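Structural overview
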Amino acid sequence: MLKKEANRVWTIPNVLSFIRLMLIAPTGIILWNGENVLAATLALLGGLLDIADGIIARKYNQTSELGKIIDPLADKLFVAVLVVILFIQNRLPLWFILAVISRDLLIIIGGAIISTKIKIVPPSNWLGKITALTIGITILSIIVNIEKIYTILMYLSVVLIVSSFVNYVVSVTKQIKGIEIGNK
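First things first, this report covers the structure right here in the doc. Computed from a predicted structure; not experimentally measured.

Moving on to the overall build of the protein. Helix and strand content of the protein: seven helices and zero strands. The linear arrangement of helices and strands in the protein, starting from the amino end, is α-α-α-α-α-α-α. When each of the 184 residues of the protein is scored for burial, the buried share is 38%. Pairs at least 24 residues apart make up 76% of the contacts formed inside the protein by residues separated by at least 6 positions. A total of about 10700 Å² of accessible surface is found on the protein, and carbon and sulfur atoms cover 72% of it.

On inspection of all chains with the given rule, the structure shows three aromatic pairs. When the centroid spacing of 5.7 Å and the interplanar angle of 45° are considered together, the rings of Trp 10 and Phe 18 count as tilted. Their ring planes at 20° and their centres at 5.1 Å tell us that Trp 95 and Tyr 155 sit as a pair that is stacked. Remark: Tyr 155 occurs in helix α7 (residues 147-182) and Trp 95 occurs in helix α5 (residues 94-118); sequence separation between them is 60 residues. An aromatic cluster is defined as three or more aromatic residues linked by ring pairs; in this entry it consists of Trp 95, Phe 96 and Tyr 155.

On to a nonpolar patch on the surface, then. Taken together, the side chains of Trp 32, Val 84, Phe 87, Ile 88, Leu 94 and Leu 98 define a hydrophobic patch exposed on the protein surface, amounting to about 560 Å² of accessible area. Put simply, the parts of the chain that give the nonpolar patch at least two residues each are α4 (65-88) and α5. Looking at the nonpolar patch, the element that brings in the most residues is α4, giving three residues. In this fold, Leu 98 is placed in helix α5.

The tally for this structure, following the rule as stated, stands at seven salt bridges. Between Asp 75 and Arg 20 there is a salt bridge, with its nearest N and O atoms 2.3 Å apart. Here Arg 20 lies in helix α2 (residues 12-32) and Asp 75 lies in helix α4, a separation of 55 residues in the sequence. Judged by its relative accessible area of 1%, Arg 20 is buried. Residue Asp 104 is joined to Lys 76 by a salt bridge in which the shortest nitrogen-to-oxygen separation is 3.9 Å. Here Asp 104, found in helix α5, pairs with Lys 76, found in helix α4; they are 28 residues apart in sequence, far enough to count as distant. On the basis of relative accessible area, Asp 104 is assigned to the buried category, the value being 9%. For Lys 76, a relative accessible area of 15% gives the class buried.

Analysis parameters
- Every residue gets a number counted from 1 within its own chain, in the order that chain's sequence is written.
- Owing to the predicted nature of the model, reporting of local features is limited to residues with pLDDT of at least 70; listing and counting of side-chain atom pairs is limited to 80 or more, with chain, interface and lining totals taken over all residues.
- By convention in this description, side-chain values take in all heavy atoms of the structure and omit both hydrogens and water.
- Helix and strand labels come from DSSP, where a helix needs a run of H or I of at least four residues and a strand needs a run of E of at least two; each type is numbered from the N terminus.
- When a residue's accessible area, from a 1.4 Å probe over protein chains only, is under 20% of the maximum for its type it is buried; when over 50% it is exposed; and in between it is partly exposed.
- Pairs of residues are marked as contacts when any of their non-hydrogen atoms sit within 4.5 Å.
- Using a 1.4 Å probe, accessible areas were evaluated by the Shrake-Rupley method; residue-level cover was limited to the displayed protein chains.
- Side-chain rings of Phe, Tyr and Trp (the six-membered ring for Trp) are treated as a pair once their centres are within 6.5 Å; stacked means planes under 30 degrees apart, edge-to-face means over 60, and tilted covers the remaining angles.
- Patches in this entry comprise residues that are over 30% relatively accessible and not in a salt bridge; like charges within 9 Å are linked, as are nonpolar side chains (Val, Leu, Ile, Met, Phe, Trp, Tyr) within 5 Å.
- A pair is scored as a salt bridge if a Lys or Arg side-chain nitrogen falls within 4 Å of a carboxyl oxygen belonging to Asp or Glu.

So, in structure tokens, the structure goes:
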């Protein structure tokens, strides 16, 4: 029964993640066209949907293996599209984009490798969630041009990116070792 529950597709959290995926292109196009307030509003909506899907998934036991994949995928694609557009518009430095996208790529690739090794998708942790929130606030502040905070937020985001990545690696390593010990 539990395995069947984990393989559900049409849960409220998954639908919210699919909506976030569908918001990426319109948000990117609107940002590209210089409609900053509308782009920020859609990006904020995407962030609120992300928070809602996480709360609903945990509170109502609607987590699924698909949700563990599409939720972070929607997050990472949304962020990647926005930071690339902001970079092209000369509103974001290359070092920030490289930090954000490198972290996301390492987590995606590492998660895929780990999930084939231990047959589960490693979940995010609290530091990763704080990092994602900080990156989101940073991007929103850049979109709406709140100069007084976005430089500080960029540096804070990079510190959190490094910290959360190290935390993720340590956590997953412990998880793998725990499984290996359990299999002996």
